[in-house]
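Tertiary structure, described
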Amino acid sequence: MGLRLLLRSIVLLNHLLPNMSKKVLLKLGAGNLQDGFQQISLELEKNGERIVKEHGELPANPQLQNFFRLWEFGYGAFYENSLMTLRSHPGEIEIEESGIEGFSTIDFPETCAQLRQCMRDWLASASFSRIGDLIRLKFQQDDEIVIVIETANEFIPRLPWHFWSIFDDFGKAEIAFSLQTYQRQNISVNRSKLRILAVFGDSTDLTLEADRRFVSKLKAEFVPLEQPSPLELSQKLDDPQGWDLLFFAGHSSEDAGGSIRLNASESLTLAGLSHALTAAIERGLQLAIFNSCSGLGLGTNLAALNIPTVIVMRESVPNRVAQSFLREFLKSFAKGTALLVAVRHARQQLQVLEHDYPCATWLPVVFWNPLTVMPTWKSLQLRSVGKIWSVVAIGAILTAVGVWGIRAQGYLEPLELATYDLALNHRWKAETADPRILIVGVTETDFTKLKVTNPLSDQIVAQAIQSLRRHQPRAIGLDIYRDQPNGAGQAELGVALPQPEVVSICKMPGMDQAEYPVIAAPGQLSAKNVGFTNFSIDPDKVLRRQILGMSILDRKCDTDHSLSMRLVLQYLGVPEAKELENGNVLVGKRELPNLAGMVGAAGGYRSGGALANMRGYQVLLNYRHSARVARQVSLDDVLSDRVAESEIRGKIVLIGYVAASNEDVSRTAYRVGGDEMAGVVIHAHMVSNILSHVLDGRSLITVWPEIVEQGWILLWCAIGGVIAGRFWGYKFMVVGGVAMICLVVVYVGWFNLGAVWIPLIPAELGLMGTGLMVTGWRWFRYNQL
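Residues numbered from 1 in each chain as written. Predicted model: local features only at pLDDT ≥ 70, side-chain atom pairs only at ≥ 80, totals over all residues. Heavy atoms only, no water.

Turning next to the pairing of strand S2 (residues 37-46). For S2, the buried fraction is high: seven of the 10 residues fall into the buried class. In terms of strand pairing, strand S1 (residues 22-27) meets S2 through six bridges, oriented antiparallel. Within the sheet, the bridge partner assigned to Leu 26 lies in S2 and is Leu 42. Pairing of S2 with strand S3 (residues 49-58) involves eight bridges; the strand directions are antiparallel. Opposite Ile 40, over in S3, you have Gly 56 as the bridge partner. Counted along the chain from S2 to the antiparallel partner S3, the turn is two residues long, and its residue Asn 47 has a positive phi close to 55 degrees. (Buried < 20%, exposed > 50% of the residue type's maximum accessible area, 1.4 Å probe, protein only. Helix = DSSP H or I, 4+ residues; strand = E, 2+ residues; numbered from the N terminus. Pairing = 2+ DSSP bridges.)

Laid out in structure tokens, this is it:
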């Protein structure tokens, strides 16, 4: 139910998100303006699903390249002659004069118009117009569309693609360029808030105060770096906390594939920062803005490092244009506008400056890795660890409530009991047989050798008791029902049973009296000489608990103590076990915690069938971790007086069937030698369990109160959320796996050292559940916002 609600919520959120998942991917393939682009591939996507795949061509257009070279020369000449402040390296604006003669800056507007028209005509060619028609057919005019141009041709990003007529029809569409090879980095975000590294380089002839003011007003951790050395910048980029946004303002050029002037004497290429930049990208760097000149080399090199998004300037950029673009972009982007829409808005706002700064709107360029989601200001904020603590808290609570609910319905009980059995059978400390107990087991050989029948006659039973009493045991437990006379020897048995040290048995009625009818105790016996033999069997038919006592349900079995409890009291010389105010049982000076007295549930027991059998006073049966619980002899050994007196004197002796033909066996949680155990051996384990606790300080297996168990589950839910909040990708899986192993170690350690059965399966589910929930939330935000 909870999972279904979560999935419905995710679907609803997906419909409520802004309409931002429209993408046009243009793969230009091999080609150039001299030969044309003959293998253009078009893919249209909606919400991550490809809806169209088409092919097109762009014809050769050497004239366009000539017009661009003329425009490029004119652009440089115009700003060189105008003596405007540019963000290129001082004195480094170059004008290539090859093939161009007699150019005047007065002709520059005409050159711009010619290049613009040539670009429009090229993109309107018949072999390419089909692509524009498909975009118009499949998308709405108010859709936010990312138009990605994938190319290896370095000349293509230099062209003014914003003159494509498609942008006249779609007001929220914008171009982004990508390389032909790219991959998505595994990222790990480890910071408490959104972080911005703002690098202010050499400011010779520049005023960078406006840039500093615009960026510092953003609601983020703003870290300025003023005219750093290359080492200082590298170390800052490599900060273990990572960065969300990298900003640079100052002088730059296309030297060596793109370089930035850090201070008056030092420049740095991106190749010299590749290690630090790669580390920053792996730690979640999403957006780089280089508000400086001639940034295509910078953008290409950063794209090669698989950074999600980069904004640069195509050509030399006047100081005022750079500041105006930055102001308008950040203002729009920080209000929640999609990144490309904010770029288009800021670019169009530059149009009012074009009288003084021709082609200002041509300058901004975006590079994008198509395998990532273009960041929004909201997604940058939500990616930081500090912003997801509320999600961790909510996820932990929701997961804990879900686990509590599933557990309360008993669905986890089989798994919890299975892990309990594993822990019980693989304890660290082995034990020896209990020296205070002797088992007289009636075997198949006894039936044959003594020529007796099954069940044993009263005479044989009486002889066995008399033989044992001669050696003065402290207690004799007869685990053989004597509710009716059987064969000869009734008089002898009538004398043997009423002895103070002898405890006979009866059986209380079970829940289904037809299946578990009452078996009466032998007549004329005191209640102190009778113990019931009822077992508390779990729904999977396995014995894990022992009953200490319960109310008398039938006068035919007129005792409120179990056989094991009667034998322990007889051994200790204590007349009765006492019920304490807290519901526990006091034997001698040791308290036995009552598992059945816990409100509503006990440990992993949650199903109706298990709780229905949780009546009376019960404890978990801590089987003696030994190949045998006690020394065992045969009935023939006793009757033939082959058992040494030292093996009997002062001990508890249990007499019962171990012959397979008697079928007095039960499935037990402790499986040494098999998963079935004879009833008399089980009673020996029960006696040893109580006796060892009272006399030796051996712990009974206990469980926590319900409120403590719920807190424990909630704690591990929170741990899973914290791990998912701090680690991403394979690191989350590694750390999460280590946490699960640690939980198992804690479980095993607590079971062995403290004899406490703590919730393992619910805690593991909580750990995984919250971890996956928070990871899913982060993935959803990362991919959708």
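Okay, the nonpolar core next. In this structure, Trp 122, Trp 161, Trp 164, Leu 233, Phe 329 and Leu 339 are the most contacted members of the largest nonpolar core, which totals 125 residues. Among the nonpolar cores identified, the runner-up in size contains 73 residues, and Val 503, Leu 543, Val 568 and Ile 758 belong to it. (Core = buried A, V, L, I, M, F, W, Y, C linked by side-chain atoms within 4.5 Å.)

Turning our attention to the sheet that holds strand S16 (residues 475-478). To summarise the sheet geometry, strands pair through backbone hydrogen bonds and adopt either a parallel or an antiparallel arrangement. Pairing is parallel in the open sheet, where six strands are placed in the order S18-S17-S16-S26-S15-S25. Strands at the two margins of the open sheet, each flanked by one partner only, are strand S18 (530-532) and strand S25 (631-634). Ignoring which end each strand starts from, the neighbouring axes of this sheet average 25 degrees apart. Relative to strand S26 (residues 652-657), S16 runs parallel, the two sharing four bridges. Following the sheet pairing, Leu 478 is matched in S26 by Ile 655. Contacts from helix H16 (residues 458-469) reach strand S15 (437-442), S16, strand S17 (502-506) and S26, with the element oriented near 165 degrees to S16. (Axes fitted to C-alpha atoms, helices over the stretch in contact; angles between N-to-C directions. Contact = heavy atoms within 4.5 Å.)

Moving on, we come to the pattern of salt bridges. Taken as a whole and assessed by the stated rule, the structure comprises 44 salt bridges. Notably, a salt bridge pairs Arg 136 with Asp 133, separated by 3.8 Å at the nearest N-O pair. Of this pair, Arg 136 and Asp 133 both sit in helix H4 (residues 126-138), separated by three residues, roughly a single helical turn. Since its relative accessible area comes to 43%, Asp 133 is described here as partly exposed. Shared partners join several salt bridges into a network, and the residues in it are Asp 421, Asp 538, Asp 540, Arg 544, Arg 545 and Arg 671. (Salt bridge = Lys/Arg side-chain N within 4 Å of Asp/Glu carboxyl O.)

To continue, consider the state of the cysteines. Following the criterion strictly, the structure yields one disulfide and no others. Covalent S-S linkage joins Cys 506 and Cys 557, the inter-sulfur distance amounting to 1.9 Å. For the disulfide bridge between Cys 506 and Cys 557, the dihedral angle about the S-S bond is near 60 degrees, and by the sign convention the bridge is right-handed. Placement of the pair is Cys 506 in strand S17 and Cys 557 in the loop between strand S20 (543-549) and helix H18 (563-572), with a sequence separation of 51 residues. For the residue pair Cys 506 and Cys 557, the accessibility class agrees, reading buried in each case. Cysteine Cys 359 is unpaired, with the sulfur of Cys 112 as its nearest cysteine sulfur at 3.3 Å. (Disulfide = S-S within 2.5 Å.)

Moving on to H16. Taking 1.5 Å per residue, 12 residues should reach 16 Å; H16 reaches 16 Å between its end C-alpha atoms and fits that length. Taken as a whole, H16 has its buried residues at Asp 458, Ile 460, Val 461, Ala 462, Ala 464, Ile 465, Ser 467 and Leu 468. (Expected span 1.5 Å × (residues − 1).)

Here the focus is helix H6 (residues 209-216). Taken residue by residue, H6 has Ala 210, Asp 211, Arg 212, Phe 214 and Val 215 as its buried positions. Buried residues along H6 sit in contact with strand S6 (195-200), strand S7 (221-226), strand S8 (245-249), strand S12 (287-291) and helix H10 (319-334).

Moving on: the packing of aromatic side chains. Enumeration according to the criterion identifies 29 aromatic pairs in this entry. For the pair Trp 712 and Trp 716, a centre-to-centre distance of 5.7 Å together with 65 degrees between the ring planes defines the contact as edge-to-face. Note that Trp 712 and Trp 716 are positioned in helix H22 (residues 706-726) at a spacing of four residues, about one turn of the helix. An identical accessibility class is assigned to Trp 712 and Trp 716; each is buried. Above the ring of Phe 163, the side-chain terminus of Arg 116 is found at 5.5 Å from the ring centroid. The ring centre of Trp 243 lies 4.0 Å from the NZ or CZ of Arg 195, which sits over that ring. (Phe/Tyr/Trp six-rings, centres within 6.5 Å; stacked < 30°, edge-to-face > 60°. Lys NZ or Arg CZ within 6 Å of the ring centre and 35° of its normal.)

For any two helices packed against each other, the geometry comes down to the angle between their axes and how far apart the axes lie. Between H18 and helix H21 (residues 679-696), the shortest axis-to-axis distance is 9 Å and the interhelical angle comes to 45 degrees. By the angle between their axes, H18 is oblique relative to H21. The crossing of H18 and H21 is right-handed. Contacts from Leu 563, Ser 564, Met 565, Leu 567, Val 568, Tyr 571 and Leu 572 of H18 reach H21 at His 683, Met 686, Val 687, Ile 690, Leu 691, Val 694 and Leu 695. (Parallel < 35°, antiparallel > 145°, perpendicular 65-115°, else oblique. Left-handed = near helix turned anticlockwise from the far one by under 90°.)

Take a nonpolar patch on the surface next. Taken together, the side chains of Tyr 730, Met 733, Val 734 and Val 738 define a hydrophobic patch exposed on the protein surface, amounting to about 410 Å² of accessible area. With relative accessibility at 46%, the residue Tyr 730 sits in the partly exposed group. (Patch = residues over 30% accessible without salt bridge, like charges linked within 9 Å, V, L, I, M, F, W, Y side chains within 5 Å. Areas by Shrake-Rupley, 256 points an atom, 1.4 Å probe, with all protein chains shown as cover.)

Let's shift gears to the sheet that holds strand S11 (residues 267-269). Strand order in the open sheet made by the three strands is S9-S10-S11, with antiparallel pairing throughout. The sheet is open, and its two edges are formed by strand S9 (252-253) and S11, each paired on a single side. Bridge count for S9 against strand S10 (residues 259-261) is two bridges, and the pairing is antiparallel. By the bridge assignment, Ser 253 is partnered in S10 with Ser 259.

In short, the description is geometric, and any link to function would need to be established separately.
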